[in-house]
Amino acid sequence: MIHILNNRFNISSLLEIISLFLKKIYDALLPGGMFVNADQASGETVYFSNPFTSYWTEFILSGPFHEKEHLEILQRRSELDRNEKMSDQLKWLWDLRIF
């Protein structure tokens, strides 16, 4: 989704959209409620990113799909997903004063 949006908006617009989205979620939480952001994040360096990418690839390949489906999943992720750094994602949450 981020990759697709990034083709239509500049990056500052994209970050504003994400921030507004997270703020709406936070505002909708009941007192004591919890939001789990299960978005994938990129490591700050290749040293940290590569092990997670390898783990995810191995996880997909060990799933119950046929080889063709495995390859389609991996291809689709490489075309559509653009992981943001964990530090950027945490900054978005911090800027919203969520934690």
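Okay, so let's go over this structure.

1. Section: the overall build of the chain
Thinking step 1. Secondary structure summary: the chain contains five helices and two strands in total.
Thinking step 2. Each helix (α) and strand (β) of the chain, taken in turn from the N terminus, gives the series α-α-β-α-α-β-α.
Thinking step 3. Sorting the 99 residues of the chain into buried and exposed places 17% on the buried side.
Thinking step 4. For the chain, the share of sequence-separated contacts (at least 6 apart) that also reach a separation of at least 24 residues comes to 59%.
Thinking step 5. Carbon together with sulfur atoms contributes 62% to the accessible area of the chain, which is approximately 7900 Å² in total.

2. Notes on the environment of Gln-40
Thinking step 1. Among the structural elements, Gln-40 can be located in the loop between helix H2 (11–28) and strand S1 (41–42).
Thinking step 2. In this structure, the C-alpha to C-alpha distance between Gln-40 and Glu-84, residues 44 residues apart in sequence, is 7.9 Å.
Thinking step 3. Beyond its immediate sequence surroundings of up to four residues, Gln-40 is in contact with Trp-56, Arg-77, Asp-81, Asn-83 and Gln-89.

3. Observations regarding the packing of helix H3 (residues 46–61) against helix H4 (residues 67–80)
Thinking step 1. It is at 9 Å that the axes of H3 and H4 come closest, and there the two elements cross at 150°. In terms of orientation, H3 and H4 fall into the roughly antiparallel class. Like other packed secondary-structure pairs, H3 and H4 cross with a definite hand, here right-handed. Along the contact surface, H3 presents Trp-56, Thr-57, Ile-60 and Leu-61, while H4 presents His-70, Ile-73, Leu-74 and Arg-77.

Thresholds, definitions, all that
Residues numbered from 1 in each chain as written. Predicted model: local features only at pLDDT ≥ 70, side-chain atom pairs only at ≥ 80, totals over all residues. Heavy atoms only, no water. Helix = DSSP H or I, 4+ residues; strand = E, 2+ residues; numbered from the N terminus. Buried < 20%, exposed > 50% of the residue type's maximum accessible area, 1.4 Å probe, protein only. Contact = heavy atoms within 4.5 Å. Areas by Shrake-Rupley, 256 points an atom, 1.4 Å probe, with all protein chains shown as cover. Axes fitted to C-alpha atoms, helices over the stretch in contact; angles between N-to-C directions. Parallel < 35°, antiparallel > 145°, perpendicular 65-115°, else oblique. Left-handed = near helix turned anticlockwise from the far one by under 90°.

Function-wise, these values are silent; they only describe arrangement.
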